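The residues making up each chain are set out below.
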Amino acid sequence: MGEATGALDSMLEKIADFYDEEVDAAVAALTSMLEPLLMLFLGGSIGGLVIAMYCPSLGWRQPWEAKQVTMASSAPSAFLAQSCSDAFKN
């Protein structure tokens, strides 16, 4: 239609503007969905690093460094009491 009337350039500009606006809207929607996920990821990563740095100074042990409980004191309450006393010793 634009070629027959001699207005091909204005018709192509209208189409380019339409698709440009459509792409801008799609990018804005994608960005608004990714921002909260990125914030959660960064917050979790930084929080994990902060906790990992403070664990040794607070005397918290890593699960793989926990003391082995003997069979004589294998009751859950004895294990909990031993773990709590070890954690708050310092």
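Definitions and limits used
- Residues numbered from 1 in each chain as written.
- Predicted model: local features only at pLDDT ≥ 70, side-chain atom pairs only at ≥ 80, totals over all residues.
- Heavy atoms only, no water.
- Helix = DSSP H or I, 4+ residues; strand = E, 2+ residues; numbered from the N terminus.
- Areas by Shrake-Rupley, 256 points an atom, 1.4 Å probe, with all protein chains shown as cover.
- Expected span 1.5 Å × (residues − 1).
- Bend = angle between axes of the 7 residues up to and from the residue.
- Patch = residues over 30% accessible without salt bridge, like charges linked within 9 Å, V, L, I, M, F, W, Y side chains within 5 Å.
- Salt bridge = Lys/Arg side-chain N within 4 Å of Asp/Glu carboxyl O.
- Lys, Arg positive; Asp, Glu negative; His and termini not counted.
- Charge placed at Lys NZ, Arg CZ, Asp CG, Glu CD.
- Buried < 20%, exposed > 50% of the residue type's maximum accessible area, 1.4 Å probe, protein only.

### Here we look at the overall build of the protein
Then comes step 1: Assigned secondary structure in the protein consists of 3 helices and 0 strands.
Then comes step 2: In the protein, the succession of α and β elements from N to C terminus is α-α-α.
Then comes step 3: Total accessible area on the protein stands at roughly 7900 Å², and carbon and sulfur atoms take up 70% of it.

### Observations regarding helix 2 (residues 8-58)
Then comes step 1: Spanning 51 residues, helix 2 covers 73 Å between terminal C-alpha atoms, matching the ideal 75 Å at 1.5 Å per step.
Then comes step 2: Of all the bends found along helix 2, the most pronounced is centred on leucine 34 and spans about 25 degrees, while proline 36, a proline, follows it within four residues.

### Notes on a negative patch on the surface
Then comes step 1: A surface patch of like charges, here negative, comprises Asp9, Glu13, Asp17, Asp20, Glu21 and Asp24.
Then comes step 2: Mapped onto the elements, glutamate 21 comes out in helix 2.
Then comes step 3: Look at glutamate 21 and you get exposed, because its relative accessible area is 58%.

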